[in-house]
Amino acid sequence: MAGGEDNLVTAAFLLDLVRQICSVGISVAGDKNKKDSVFRKDCMDLVRRVSLLTHFLEEINGQLGKLDALGSSSSSSKEMNWWSDLVAALQSAHNLLSLAGSFQSTNNSDGTGKNIVTLFHGVTWKLENSLANVPYDQFDISEEVQEQVALVRAQLRRATERYGSVNSREVSLPFSQQIDKDVDQAQKGTSVNHKVAENIETSVSGSNGSTDRTADLVASESNAVDLAKKYSLPNKSTKDLKKPDTLKIPHDFLCPISLELMRDPVIVATGQTYERSYIQRWIDTDNSTCPKTQQKLEHLTLTPNYVLRSLITQWCTEHKVEQPTGLANGRIKKSDGSFRDVSGDMAAIQATVRRLSSRSIEERRAAVSEIRSLSKRSTDNRILLAGAGAIPVLVSLLISEDTSIQENTVTSILNLSIYEDNKGLIMLAGAVPSIVQVLRTGSVEARENAAATLFSLSLADENKIIIGASGAIPALVELLENGSTRGKKDAATALFNLCIYQGNKGRAVRAGIITALLNMLTDSRNRMIDEALTILSVLASNQEAKVAIVKASTLPVLIDLLRTGGPRNKESAAAILLSLCKRDSENLACVSRLGAVIPLTELAKGGTERAKRKATSMLEHLRRLQQH
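What you see is a predicted model, and the numbers here were worked out from it, not measured in a lab.

Colleague: If you had to explain the overall build of the protein to someone new, which residues and values would you point to?
Modeller: Within the protein, the secondary structure is distributed over 33 helices and 8 strands. When burial is assessed residue by residue, the protein has 50% of its 628 residues classed as buried. Taking the contacts inside the protein whose residues are at least 6 apart along the sequence as the reference set, 66% of them involve residues at least 24 apart. With the model as given, the accessible surface of the protein reaches about 27700 Å², and the carbon-plus-sulfur share is 49%.

Written out as structure tokens, the structure is:
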């Protein structure tokens, strides 16, 4: 472990590396050629997870000198190597993104695609493992950032399990190390030595001899077998490496895009079959070619492949494999593992969904009202409505000028979003901008349910970013200030959830949320003090929010709550004050002048367990200030 000054340089380097990774994400999102990449979603998921580490690195930057003691004999080698492991993991991520973001599927590239899946597994495992070894207790890290790192680790852990392999510790590391070497060679314009897991090809184009790094990684399943032999692993194919057992999933049952067992297979114009959600996402990002054949799609109709769906269901039953959840072959799997035939219900729901597109406004009103009622009743109905294609049609009705249709539509989407799988379908249908429009201009009921819908969708971490960037936060703040009582509560819940993501905190501050929260704290009716304090506690560790909170003269209000609030209010007020005063002697001095010592002392003796900890910590900071 390097000492003080070197650590600062290393921290700055790592922050720069994270920003480079984020810029790769922007490139993948904005480059039309890269939008055609089969692994675009994997790249964007990896970029999103890495970007969440920015605030952690910013907080520990300057504190690394504290860890010089880790070089002592009492420290384990694991503790001493955590920093270099994290650097190596992020460099691996950067290298893989540079390749996978440009990968194009061709007729002969299935083996390559499987190898890239394995490489994503290796890099994901390296990141999660390096974060697990960070000595967090040695740093002064805010609770919010700790939660954020924990969230990233949980996401990486789930992704590692999804990519899956027989022995992640042995398989992943060699793969990820080899891609680092190969990519480094490719970026320097050298030829790639076809050794362990021949991962990339470079091609020279143009008279100037410049290197054109192509997306065609060497595609052969034998590469995985050779690598397994080299590292003394069981001699298994790539398919086996993806499964914890020896059972092979028939190749035709796997989606060519996700390489996962299909649940809702559909046929595109070229005759190829894909999982509906993945091919729909492909089409929704302005792609008009078949991912597997690269042929232009003559039309974008997705035809259910009922025969294949039935075969998959039969195979799963015979091999005792967990049946993919949701609707399959006219049946829905129940919690006890049995299946319920819903073909009759499906036919009726399909007829109702068709009526949503009727030319008669009265018929559209009746249909959307019925769907609102159906979607409220049961999870089965929510699955069936999504399977019948209700979501895209409902999204198109969100901008209806008919108040009744708009209210019932946004409420239907809210009800449908309760089922987890439907959240992704709603986002893919591009619902957020229209929901925000309803939030701004709809009726009282429509605005309330629009806010509740945004909250429901934001429960998926990746959606927090999309919703935050959509203009939803200013509309939610306006509802928080001027809405009905229910509307304010719905807005507060949505804003709290969105502000868990660091990037949304500044947006909320600029939208005027601090003023709205202060008004709630000083409302004589005391109707939403808990909600206001909860949101403030999330914002208080953000520097922009901290400045705005103090500037709005919130400190006296918080100290008053230490004296007069209920147990929960006192606890929250103490936690917010601690966040505002950490590493800020000016705020600490202000709190001292305002007479916080007495109520903090009382709270340290008789508050809740959390309140006692926060109050004691605040008193310790105040004691140090007096000594200085």
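From this point, things continue past the structure.
Colleague: Before we move on, could you go through the pattern of salt bridges and cite the residues and values that matter?
Modeller: Taken as a whole and judged by the stated rule, the model has 17 salt bridges. Put simply, Arg-355 and Glu-363 hold a salt bridge, and the shortest N to O gap is 3.7 Å. A relative accessible area of 25% places Arg-355 in the partly exposed class. Each of Glu-128, Arg-153 and Arg-157 takes part in salt bridges that share partners, so that together they form one network.

Colleague: Outline the sheet that holds strand S3 (residues 265-267), listing residues and values.
Modeller: Read from one edge of the open sheet, 3 strands run S4-S3-S5, paired in antiparallel fashion. Pairing within the sheet leaves two strands with one partner each, and these edge strands are strand S4 (273-275) and strand S5 (303-304). As defined by bridge partners, S3 adjoins S4 across 3 bridges and the pair is classed as antiparallel. Residue pairing across strands places Pro-265 opposite Glu-275, the latter belonging to S4.

Colleague: Which residues make up the packing of helix H29 (residues 555-564) against helix H30 (residues 567-581), and what values do they have?
Modeller: The N-to-C vectors of H29 and H30 enclose an angle of 145 degrees; their axes lie 8 Å apart at closest approach. When you trace H29 past H30, the crossing you get is left-handed. Only Lys-570, Ala-573, Ala-574, Ile-576, Leu-577 and Leu-580 of H30 make contact with H29, whose side of the interface consists of Leu-555, Leu-558, Ile-559, Leu-561, Leu-562 and Arg-563. Classifying every residue of the contact of H29 with H30 by side-chain character gives 10 nonpolar, no polar and 2 charged.

Colleague: Summarise the packing of helix H20 (residues 431-441) against helix H23 (residues 472-482); cite the residues concerned and give the values.
Modeller: Running from amino to carboxyl end, H20 crosses H23 at an angle of 25 degrees, the nearest separation of the two axes being 9 Å. Comparing the axis directions of H20 and H23 gives the class roughly parallel. When the axes of H20 and H23 are compared, the crossing they make is left-handed. For the pair formed by H20 and H23, the contact residues are Val-436, Leu-439 and Arg-440 on the first element and Ala-472, Ala-475, Leu-476 and Leu-479 on the second. Per-class residue counts for the contact of H20 with H23 are 6 nonpolar, no polar and 1 charged.

Colleague: If you had to explain the side chain of Thr-289 to someone new, which residues and values would you point to?
Modeller: Examined against the element boundaries, Thr-289 turns out to sit in the loop between helix H12 (276-284) and S5. Non-local contacts of Thr-289, meaning those with residues more than four positions away in its chain, are made with Trp-282, Gln-294, Gln-295, Lys-296 and Leu-297.

Colleague: Describe in detail the nonpolar core, supporting the description with residues and values.
Modeller: When a protein is soluble and globular, its nonpolar side chains tend to lie buried together. Formed by 97 residues in total, the largest nonpolar core has its most connected members in Leu-356, Leu-476, Leu-480, Ile-513 and Leu-517. Not counting residues up to four positions away in its chain, the partners in contact with Ile-513 are Val-477, Leu-480, Leu-495, Ala-508, Ile-535 and Leu-539. Listed in part, the 43 residues of the second largest apolar core include Leu-46, Trp-83, Leu-119 and Ala-159.

Procedures and definitions
- Residues numbered from 1 in each chain as written.
- Predicted model: local features only at pLDDT ≥ 70, side-chain atom pairs only at ≥ 80, totals over all residues.
- Heavy atoms only, no water.
- Helix = DSSP H or I, 4+ residues; strand = E, 2+ residues; numbered from the N terminus.
- Buried < 20%, exposed > 50% of the residue type's maximum accessible area, 1.4 Å probe, protein only.
- Contact = heavy atoms within 4.5 Å.
- Areas by Shrake-Rupley, 256 points an atom, 1.4 Å probe, with all protein chains shown as cover.
- Salt bridge = Lys/Arg side-chain N within 4 Å of Asp/Glu carboxyl O.
- Pairing = 2+ DSSP bridges.
- Axes fitted to C-alpha atoms, helices over the stretch in contact; angles between N-to-C directions.
- Left-handed = near helix turned anticlockwise from the far one by under 90°.
- Nonpolar A, V, L, I, M, F, W, Y, C, P; charged D, E, K, R; others polar.
- Parallel < 35°, antiparallel > 145°, perpendicular 65-115°, else oblique.
- Core = buried A, V, L, I, M, F, W, Y, C linked by side-chain atoms within 4.5 Å.

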